[in-house]
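Next come the chains, spelled out residue by residue.
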Amino acid sequence: MLFLRRFSRDVPAMVGLAIVVLVLLVAVLGPLLAPYPADVSASHLARRLKPPSAAYPFGTDNLGRDVLSRVILGARGALTVSLVVVSLAMTIGIPLGLVAGYRGGWMSEGIMRITDAVLALPQLVLALALAQLMSPSLESAMLALALTYWPFFTRIVYAETRRLKSSLFVDALAGIGAGTARIVFLHVLPNTISPIIVRATIGLGFTILTAAVLGFLGMGAAPPAPDWGLSIAQSRSYLPAAWWYATFPGLAILLTVMGFNLLGDGLRDIVDPRLRRSR
Amino acid sequence: MTRYLLRRLLLTIPSLFGLLVVTFLLIYIVPSDTAAAMAGDAATPEQIARLRHEMGLDQSVLAQFGLYLDRVLHLQFGESAFSHRAVAVDIAQRLPATLELTFFALFLSTALGIPLGVLCAVNHNRWPDFLLRFFSVLGVAVAAFWVAIMLQLLFSMQLGWLPLRGELSDEMLAPPRMTGFLLIDSALAWRWDAFADASRHLVLPAITLALGGLASITRFTRAGVLETLQKDFVLYERAVGYRRSRMIWIYVLRNSVTATLTQIGLLFGSLIAGGVVVEAIFDWPGIGSYTVQAILTGDHQVMLAVTLMIGVVYAGVNLLTDLVHGLVDPRLMETA
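Reading the values: the criteria
- Residues numbered from 1 in each chain as written.
- Chains lettered and ligands numbered in written order.
- Predicted model: local features only at pLDDT ≥ 70, side-chain atom pairs only at ≥ 80, totals over all residues.
- Heavy atoms only, no water.
- Helix = DSSP H or I, 4+ residues; strand = E, 2+ residues; numbered from the N terminus.
- Buried < 20%, exposed > 50% of the residue type's maximum accessible area, 1.4 Å probe, protein only.
- Contact = heavy atoms within 4.5 Å.
- Areas by Shrake-Rupley, 256 points an atom, 1.4 Å probe, with all protein chains shown as cover.
- Lys, Arg positive; Asp, Glu negative; His and termini not counted.
- Charge placed at Lys NZ, Arg CZ, Asp CG, Glu CD.
- Salt bridge = Lys/Arg side-chain N within 4 Å of Asp/Glu carboxyl O.
- Core = buried A, V, L, I, M, F, W, Y, C linked by side-chain atoms within 4.5 Å.
- Polar contact = N/O pair within 3.5 Å; in protein donor to acceptor, adjacent residues only side chain to side chain.
- Patch = residues over 30% accessible without salt bridge, like charges linked within 9 Å, V, L, I, M, F, W, Y side chains within 5 Å.

S.K.: Help me understand the overall build of chain A, please; the structure alone is not making it clear to me.
M.R.: Scanning chain A from terminus to terminus reveals eleven helices and zero strands. Tracing chain A from N to C terminus, the helices and strands come up as α-α-α-α-α-α-α-α-α-α-α. Over its C-alpha atoms, taken along the principal directions, chain A stretches across nearly 75 × 45 × 30 Å. Out of the 279 residues in chain A, the part that is buried amounts to 53%. The contacts of chain A with a sequence gap of at least 6 include a subset with a gap of at least 24, amounting to 69%. Looking at chain A as shown, the accessible area adds up to about 12,000 Å², and 69% of this sits on carbon and sulfur atoms. Charge centroids of chain A, computed over 23 positive and 13 negative side chains, lie 3 Å from each other.

S.K.: Any chance you could explain the environment of L226(B) here in plain terms?
M.R.: All names here are of chain B. When you line up the elements, L226 lands in helix α9 (residues 192–229). Residue classification places L226 among the buried residues on the basis of a relative accessible area of 12%. On a C-alpha basis, the gap between L226 and S256 in space is 8.5 Å, while along the polypeptide they are 30 residues apart.

S.K.: I keep staring at the pattern of salt bridges and nothing clicks. Help me out?
M.R.: Any two side chains of opposite charge can pair, so long as their charged atoms come close to each other. Taken as a whole, this structure holds 13 salt bridges over all chains when the rule is applied. Residues D265(A) and R268(A) are paired through a salt bridge, measuring 3.5 Å at the closest nitrogen-oxygen approach. Separated by three residues within a single helix, D265(A) and R268(A) lie in helix α11 (residues 243–271), roughly one turn from each other. A salt bridge links R222(B) to D129(B), with the shortest nitrogen-to-oxygen separation between them at 2.9 Å.

S.K.: Help me out: how do you make sense of the nonpolar core in this one?
M.R.: The nonpolar side chains of a soluble globular protein tend to be buried with one another. Membership of the largest hydrophobic core comes to 161 residues, with the highest contact counts inside it found for I253(A) and F145(B). With 16 residues, the single largest contributor to this core is helix α11 (residues 244–282) of chain B. The contact partners of F145(B), leaving out residues within four places of it in the chain, are A212(A), V213(A), F216(A), G229(A), I232(A), I253(A), V277(B) and I281(B).

S.K.: Can you walk me through the side chain of R191(B) in this structure?
M.R.: Residue and element names in this part refer to chain B. Looking at the secondary structure, you find R191 in the loop between α8 (182–188) and α9. In this structure R191 comes out as buried when scored by relative accessible area, which is 18%. Here D193 takes part through its side chain, which lies 3.1 Å from a polar atom of the side chain of R191. Setting aside anything within four residues of it in sequence, one finds R191 in contact with M172, L173, A174, P175 and S186.

S.K.: Looking at this structure, how should I read a nonpolar patch on the surface?
M.R.: Residues and elements named next belong to chain A. Taken together, the side chains of M14, L17, V21, L25, V28, L29, L32 and L33 present a nonpolar region at the surface, about 700 Å² in accessible area. In this fold, M14 is placed in helix α2 (residues 11–33). With relative accessibility at 32%, the residue M14 sits in the partly exposed group.

Below, the structure written as structure tokens:
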């Protein structure tokens, strides 16, 4: 297991893995870990905007809800959104990349030009515009993010498929009479899987970040959801007095995204040794 | 050289066309009845149908795409539903503020990022390297809108050192508008009070915007310098007895910046996009806050125009980066 040994010696990647596991646990066990699980929607005006204390380690918000509980409960939403977005983007992007890479010709040209055009636009601006056009909601936000993220997968799969198509084993398969579908799905696709996993890991962190921006601008989760981006937006009316209200959800975003990035970088170093020098 | 230039220019055409197709599909596919929305709630079905006919919405997809192309090529983006002015005029008026902020952020991230990257590489795997790498990991993972709020909280609200929002204080008389760039206009009008005030307003938004770029420039410079340090000519120069500082800052750096150059080009585009949120938080009167306003009020004409504009800027910057690349590394021109 050279792979595991090399990975376990990569300290930043292990830190990333630990953070990701931690966030996953928090997301799954959220209601059990949160000191006040009812604070998703409950409000307690008597204890509003209290600074951090033993009872409320991260303080309370404008409706008297425990900020720590809401940060913990927000993890599930953040991870769900990014998992849905990245899976959707993969569902769109991977088949397009396979077709464009294996078929060639005008179809390939058409797919890749559209891919490049979408990649040439800033993802955030495009996603915001799309989410607006589809009438703002969490579902629109997820769809918009997926519709702007698929080209990253198409590019990778396209490049890999082009490379594999001219390889000897594909020629051999065609020679013994394997059908195109069989070659593409059973032999080419599995060989493209490692760069896809790397991209997906980095994409999960990136999507948490962009989804937070959408939430912050009111184009994502709706109140009273304990969404991190939304909480930061709501906290702005209570600054500078309630600094804790804005600070902790932001730290949660930072930690989670950092975890996925470190893990993704570590995986990339293993999958693509040519890029290892970049760290 | 000319052949390389022409080739590269020709390659820009399909990507610009792709941009037009994507933005057109964006309006066409998304299920929203523009005509019904424009006609208002009280409109009768006949009125909506007439409006739809006037806008060409009852024609075939290709014909609609033709109409769309015609409008875009004549820069007719219609009127903003919010400001009731021509979108093209609004954009032209707001562009200088965005460019001023973007250039400043670009300058900050490059002027700091390249030396820091060299510092990392020279101290490879020692504490300055670890420290800077830790910060660059943070810089990439942090949400810009949160950094903006934290900076506002600390430096404007608590310490009161820097202004909270806007481009100029309310009580400060703006210099006469010549270029639209506030700093340049102030200097031209010999209004140093306005110049100082505008500079103070620029600090927080520029720092927020520069963070992500700073992290990536540091990273790329570090990687480039580390790679160059392995080359034979470095060993040779060392043997000949060149001063280490001269060798690193001149010969090694020059041979390492190609990757960084591409990164700077890409950065310009991402700064314009990243500016959307930063401008909104700091009430910066540029394209970014205009975009957010358009998105929140559902101002479709503005959204479309801004998306197109940013796409064109992206394509332009990519072109420019490739040309500079060709100048720095003439081998590229031959293989192209």
